[in-house]
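If you want the building blocks of each chain, they are given just below.
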Amino acid sequence: MSSQILRSASRATRSLVSASKGSRFYSEGRAVAAAAAVSFSGKAPFLASAFGRTGSSNASAQWISGVLAIPAAVYMLQEQEAHAAELERTFIAIKPDGVQRGLIAEVISRFERKGFKLVAIKIVVPSKDFAQKHYHDLKERPFFNGLCDFLSSGPVVAMVWEGEGVIRYGRKLIGATDPQKSEPGTIRGDLAVIVGRNIIHGSDGPETAKDEIALWFKPEELVKYTSNAEKWIYGN
(Lines give C-alpha, C1' and ligand atoms only; values in the text may rest on other atoms or scores of the structure.)
Protein backbone atom coordinates (compact mmCIF):
# COMPACT_ATOMS: atom_id res chain seq x y z
CA MET A 1 0.00 0.00 0.00
CA SER A 2 2.77 2.45 0.95
CA SER A 3 4.57 1.90 -2.36
CA GLN A 4 1.34 2.61 -4.22
CA ILE A 5 0.92 5.81 -2.22
CA LEU A 6 4.43 6.92 -3.05
CA ARG A 7 3.91 6.19 -6.74
CA SER A 8 0.68 8.22 -6.72
CA ALA A 9 2.38 11.11 -4.93
CA SER A 10 5.25 10.97 -7.40
CA ARG A 11 2.90 11.11 -10.39
CA ALA A 12 0.98 13.98 -8.84
CA THR A 13 4.20 15.85 -8.12
CA ARG A 14 5.41 15.53 -11.71
CA SER A 15 2.05 16.64 -13.05
CA LEU A 16 2.08 19.67 -10.75
CA VAL A 17 5.62 20.55 -11.82
CA SER A 18 4.60 20.46 -15.47
CA ALA A 19 1.34 22.35 -14.99
CA SER A 20 2.70 25.12 -12.82
CA LYS A 21 5.72 26.18 -14.89
CA GLY A 22 5.51 29.88 -15.54
CA SER A 23 2.84 30.39 -12.91
CA ARG A 24 3.06 32.37 -9.69
CA PHE A 25 3.06 29.14 -7.65
CA TYR A 26 6.78 29.43 -6.95
CA SER A 27 7.20 33.17 -6.69
CA GLU A 28 4.34 33.68 -4.22
CA GLY A 29 3.25 30.33 -2.86
CA ARG A 30 6.35 28.19 -2.41
CA ALA A 31 7.05 29.30 1.17
CA VAL A 32 3.42 28.78 2.14
CA ALA A 33 3.40 25.32 0.58
CA ALA A 34 6.57 24.26 2.34
CA ALA A 35 5.32 25.67 5.64
CA ALA A 36 2.03 23.81 5.27
CA ALA A 37 3.83 20.54 4.70
CA VAL A 38 5.93 21.10 7.81
CA SER A 39 3.06 22.38 9.96
CA PHE A 40 0.86 19.35 9.28
CA SER A 41 3.67 16.84 9.61
CA GLY A 42 2.79 14.35 12.32
CA LYS A 43 -0.87 15.33 12.29
CA ALA A 44 -1.93 12.94 9.54
CA PRO A 45 -3.68 10.45 11.87
CA PHE A 46 -5.86 13.25 13.24
CA LEU A 47 -6.65 14.47 9.71
CA ALA A 48 -7.34 10.90 8.58
CA SER A 49 -9.90 10.56 11.34
CA ALA A 50 -11.45 13.86 10.43
CA PHE A 51 -11.83 12.71 6.84
CA GLY A 52 -13.55 9.50 7.94
CA ARG A 53 -10.67 7.11 7.19
CA THR A 54 -10.61 5.57 10.66
CA GLY A 55 -10.69 2.05 9.26
CA SER A 56 -7.25 2.37 7.73
CA SER A 57 -5.58 5.08 9.79
CA ASN A 58 -1.99 4.11 8.96
CA ALA A 59 -2.60 4.08 5.23
CA SER A 60 -4.62 7.27 5.48
CA ALA A 61 -1.87 8.94 7.47
CA GLN A 62 0.65 8.00 4.79
CA TRP A 63 -1.67 9.21 2.06
CA ILE A 64 -2.32 12.59 3.70
CA SER A 65 1.35 13.08 4.55
CA GLY A 66 2.23 12.35 0.93
CA VAL A 67 -0.34 14.81 -0.38
CA LEU A 68 0.76 17.54 2.02
CA ALA A 69 4.37 16.97 1.02
CA ILE A 70 3.69 17.46 -2.68
CA PRO A 71 3.98 21.29 -2.70
CA ALA A 72 7.25 21.14 -0.79
CA ALA A 73 8.51 18.40 -3.10
CA VAL A 74 7.63 20.47 -6.15
CA TYR A 75 9.49 23.42 -4.69
CA MET A 76 12.56 21.29 -3.98
CA LEU A 77 12.55 19.80 -7.48
CA GLN A 78 12.44 23.18 -9.18
CA GLU A 79 14.06 25.54 -6.68
CA GLN A 80 16.95 26.46 -8.95
CA GLU A 81 14.79 26.82 -12.07
CA ALA A 82 12.21 28.95 -10.27
CA HIS A 83 14.88 31.18 -8.76
CA ALA A 84 16.49 31.74 -12.14
CA ALA A 85 13.10 32.67 -13.61
CA GLU A 86 12.46 35.22 -10.87
CA LEU A 87 15.68 37.14 -11.47
CA GLU A 88 14.64 40.03 -13.68
CA ARG A 89 16.11 43.23 -15.02
CA THR A 90 14.92 46.81 -14.92
CA PHE A 91 16.01 50.09 -16.44
CA ILE A 92 16.94 52.91 -14.08
CA ALA A 93 18.06 56.39 -15.15
CA ILE A 94 19.41 59.22 -13.03
CA LYS A 95 18.06 62.32 -14.71
CA PRO A 96 20.05 65.51 -15.38
CA ASP A 97 18.99 67.07 -12.07
CA GLY A 98 20.23 64.04 -10.12
CA VAL A 99 23.54 64.07 -11.98
CA GLN A 100 24.06 67.81 -11.51
CA ARG A 101 23.28 67.55 -7.80
CA GLY A 102 25.91 64.88 -7.30
CA LEU A 103 23.47 62.11 -6.36
CA ILE A 104 24.85 59.33 -8.57
CA ALA A 105 26.62 57.50 -5.75
CA GLU A 106 23.63 57.95 -3.44
CA VAL A 107 21.22 56.36 -5.92
CA ILE A 108 23.55 53.48 -6.80
CA SER A 109 24.26 52.74 -3.14
CA ARG A 110 20.57 52.36 -2.35
CA PHE A 111 20.11 49.70 -5.02
CA GLU A 112 23.33 47.98 -3.98
CA ARG A 113 22.42 47.95 -0.30
CA LYS A 114 19.10 46.34 -1.17
CA GLY A 115 21.01 43.50 -2.84
CA PHE A 116 20.38 44.23 -6.52
CA LYS A 117 23.16 43.75 -9.06
CA LEU A 118 24.33 46.38 -11.57
CA VAL A 119 24.75 44.76 -15.00
CA ALA A 120 25.04 47.85 -17.24
CA ILE A 121 25.85 51.53 -16.79
CA LYS A 122 26.81 54.49 -18.95
CA ILE A 123 26.53 58.28 -18.98
CA VAL A 124 24.97 59.92 -22.03
CA VAL A 125 23.38 63.19 -23.13
CA PRO A 126 20.21 62.09 -24.94
CA SER A 127 19.05 63.97 -28.02
CA LYS A 128 15.56 65.43 -28.14
CA ASP A 129 14.54 62.73 -30.63
CA PHE A 130 15.87 60.03 -28.32
CA ALA A 131 13.99 61.51 -25.36
CA GLN A 132 10.80 61.44 -27.42
CA LYS A 133 11.32 57.74 -28.09
CA HIS A 134 11.84 57.12 -24.39
CA TYR A 135 8.64 58.96 -23.43
CA HIS A 136 6.63 57.82 -26.47
CA ASP A 137 3.76 56.59 -24.28
CA LEU A 138 3.26 60.14 -22.97
CA LYS A 139 3.23 61.92 -26.33
CA GLU A 140 -0.44 62.90 -25.97
CA ARG A 141 0.14 64.57 -22.61
CA PRO A 142 0.47 68.39 -22.46
CA PHE A 143 3.78 68.15 -20.59
CA PHE A 144 5.39 65.83 -23.18
CA ASN A 145 7.64 68.43 -24.84
CA GLY A 146 8.83 69.85 -21.54
CA LEU A 147 9.61 66.35 -20.30
CA CYS A 148 11.68 65.59 -23.39
CA ASP A 149 13.46 68.96 -23.22
CA PHE A 150 14.47 68.27 -19.65
CA LEU A 151 15.72 64.72 -20.26
CA SER A 152 17.89 65.97 -23.11
CA SER A 153 19.16 69.01 -21.19
CA GLY A 154 22.23 67.32 -19.71
CA PRO A 155 23.96 64.07 -18.84
CA VAL A 156 21.88 61.05 -17.81
CA VAL A 157 23.25 57.98 -16.02
CA ALA A 158 21.55 54.98 -17.64
CA MET A 159 21.66 51.68 -15.76
CA VAL A 160 20.30 48.14 -15.80
CA TRP A 161 19.82 46.41 -12.46
CA GLU A 162 19.15 42.72 -11.92
CA GLY A 163 17.54 40.86 -9.04
CA GLU A 164 14.51 39.05 -7.75
CA GLY A 165 11.55 41.45 -7.89
CA VAL A 166 13.80 44.31 -9.00
CA ILE A 167 11.13 45.98 -11.16
CA ARG A 168 8.46 46.25 -8.50
CA TYR A 169 10.78 46.90 -5.59
CA GLY A 170 12.86 49.30 -7.66
CA ARG A 171 9.75 51.45 -7.94
CA LYS A 172 9.36 51.32 -4.17
CA LEU A 173 12.96 52.48 -3.71
CA ILE A 174 12.31 55.35 -6.11
CA GLY A 175 9.03 56.51 -4.57
CA ALA A 176 5.95 58.20 -6.03
CA THR A 177 6.23 60.41 -9.11
CA ASP A 178 5.37 63.42 -6.97
CA PRO A 179 8.10 63.76 -4.31
CA GLN A 180 5.57 65.41 -2.00
CA LYS A 181 3.65 62.11 -1.99
CA SER A 182 6.72 59.89 -1.66
CA GLU A 183 7.37 58.17 1.64
CA PRO A 184 10.46 59.10 3.68
CA GLY A 185 13.18 56.57 2.96
CA THR A 186 12.53 56.56 -0.79
CA ILE A 187 14.88 58.34 -3.19
CA ARG A 188 12.33 60.95 -4.19
CA GLY A 189 10.91 61.22 -0.69
CA ASP A 190 14.33 62.01 0.74
CA LEU A 191 16.01 63.93 -2.07
CA ALA A 192 13.44 65.67 -4.31
CA VAL A 193 10.83 68.40 -3.86
CA ILE A 194 8.81 68.87 -7.07
CA VAL A 195 7.54 66.61 -9.86
CA GLY A 196 9.53 68.36 -12.56
CA ARG A 197 12.81 67.60 -10.80
CA ASN A 198 12.29 64.15 -9.33
CA ILE A 199 15.83 62.85 -9.93
CA ILE A 200 15.23 59.37 -11.28
CA HIS A 201 13.30 57.19 -13.70
CA GLY A 202 12.49 53.49 -13.31
CA SER A 203 10.64 50.98 -15.48
CA ASP A 204 7.08 50.38 -14.28
CA GLY A 205 6.63 46.82 -15.56
CA PRO A 206 8.27 43.88 -17.35
CA GLU A 207 7.35 45.00 -20.87
CA THR A 208 8.42 48.58 -20.22
CA ALA A 209 11.71 47.35 -18.75
CA LYS A 210 12.36 45.19 -21.80
CA ASP A 211 11.65 48.06 -24.21
CA GLU A 212 13.66 50.66 -22.28
CA ILE A 213 16.69 48.39 -21.86
CA ALA A 214 16.64 47.68 -25.61
CA LEU A 215 16.37 51.42 -26.36
CA TRP A 216 19.23 52.52 -24.14
CA PHE A 217 21.63 49.58 -24.40
CA LYS A 218 23.00 47.24 -27.03
CA PRO A 219 22.88 43.54 -26.10
CA GLU A 220 26.67 43.37 -25.77
CA GLU A 221 26.60 46.16 -23.19
CA LEU A 222 24.67 43.97 -20.75
CA VAL A 223 27.01 41.93 -18.54
CA LYS A 224 26.27 38.48 -17.12
CA TYR A 225 28.18 37.56 -13.99
CA THR A 226 27.74 36.02 -10.57
CA SER A 227 28.23 38.32 -7.61
CA ASN A 228 29.99 36.91 -4.56
CA ALA A 229 27.23 38.43 -2.47
CA GLU A 230 24.41 36.48 -4.13
CA LYS A 231 24.69 33.43 -1.86
CA TRP A 232 24.25 35.75 1.12
CA ILE A 233 21.24 37.44 -0.49
CA TYR A 234 19.37 34.47 -1.96
CA GLY A 235 20.89 31.52 -0.10
CA ASN A 236 22.32 28.42 -1.76
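Because the structure is a prediction, the values reported are computed rather than measured.

Thresholds applied
- Residues numbered from 1 in each chain as written.
- Predicted model: local features only at pLDDT ≥ 70, side-chain atom pairs only at ≥ 80, totals over all residues.
- Heavy atoms only, no water.
- Helix = DSSP H or I, 4+ residues; strand = E, 2+ residues; numbered from the N terminus.
- Buried < 20%, exposed > 50% of the residue type's maximum accessible area, 1.4 Å probe, protein only.
- Contact = heavy atoms within 4.5 Å.
- Areas by Shrake-Rupley, 256 points an atom, 1.4 Å probe, with all protein chains shown as cover.
- UniProt positions renumbered as here; feature names shortened; annotations may be inferred.
- Salt bridge = Lys/Arg side-chain N within 4 Å of Asp/Glu carboxyl O.
- pLDDT = per-residue confidence, 0-100.

Enquirer: Kindly report on the overall build of the chain, identifying the contributing residues and their values.
Expert: Looking only at helices and strands, one finds 12 helices and 4 strands in the chain. When burial is assessed residue by residue, the chain has 38% of its 236 residues classed as buried. Counted over contacts in the chain with a minimum sequence separation of 6, partners at least 24 positions apart contribute 76%. Split by element, the accessible area of the chain, about 13900 Å² in all, is 55% carbon and sulfur.

Enquirer: Account for the UniProt feature "active site" (unreviewed entry) in the chain, with residues named and values stated.
Expert: In this numbering, the UniProt entry assigns the feature "active site" (unreviewed entry) to His 201. Mapped onto the elements of the fold, His 201 is located in strand 4 (residues 200-202). In this structure, His 201 is in contact with Phe 91, Ile 92, Ala 93, Lys 95, His 134, Ile 174, Arg 188 and Glu 212, ignoring residues within four places of it in sequence.

Enquirer: Give a description of the pattern of salt bridges that names residues and reports values.
Expert: Per the stated rule, a full pass over the model turns up 7 salt bridges. Measuring nitrogen to oxygen at the nearest pair gives 2.7 Å for the salt bridge that ties Lys 117 to Glu 230. Pair noted here: Lys 117 is in strand 2 (residues 117-124) and Glu 230 is in helix 12 (residues 230-234), with a separation of 113 residues, a long-range link. Each of the two residues, Lys 117 as well as Glu 230, counts as buried. Among the salt bridges present, the one from Lys 122 reaches Glu 221, with a minimum N-O distance of 3.3 Å. A residue pair is termed long-range when its members are at least 10 positions apart, and Lys 122 in strand 2 and Glu 221 in the loop between helix 11 (206-216) and helix 12 qualify at 99 residues. What emerges from the salt-bridge pattern is a single network uniting Arg 89, Lys 117, Glu 162 and Glu 230.

Enquirer: I'd love a proper account of the UniProt feature "binding site: ATP" (unreviewed entry) in the chain, names of residues and values included.
Expert: Under the local residue numbering, the UniProt record ascribes the feature "binding site: ATP" (unreviewed entry) to Lys 95, Phe 143, Arg 171, Thr 177, Arg 188 and Asn 198. By the secondary structure assignment, Phe 143 is in the loop between helix 7 (128-134) and helix 8 (144-151). Residue Phe 143 is classed as partly exposed on the basis of its relative accessible area, which comes to 41%.

Enquirer: Before we move on, can you summarise unusual backbone geometry with the specific residues and values?
Expert: Its identity is not glycine, yet Ile 199 carries a phi of approximately 75°, on the positive side. Tracing the backbone through its elements, the reader meets Ile 199 in the loop between helix 10 (187-191) and strand 4. The exposure class assigned to Ile 199 is buried, which follows from its relative accessible area of 0%.

Enquirer: Let's hear about the confidence of the model for the chain: which residues, and what values?
Expert: Summarising the model, the chain shows a mean pLDDT of 78, and 64% of its residues fall at 70 or more. Every residue in residues 12-55 is under pLDDT 50, and counting partners more than four places away or in other chains gives 51 contacts. Here residues 72-82 is a poorly scored stretch, pLDDT under 50, and it has 19 contacts once near neighbours within four places are set aside; other chains count.

Enquirer: Break down the environment of Glu 164 for me, citing the residues and quoting the values.
Expert: Along the polypeptide, Glu 164 turns up in strand 3 (residues 156-164). You can call Glu 164 partly exposed: its relative accessible area is 31%. Here the alpha-carbon distance between Glu 164 and Tyr 234, two residues 70 residues apart in the chain, equals 8.8 Å.

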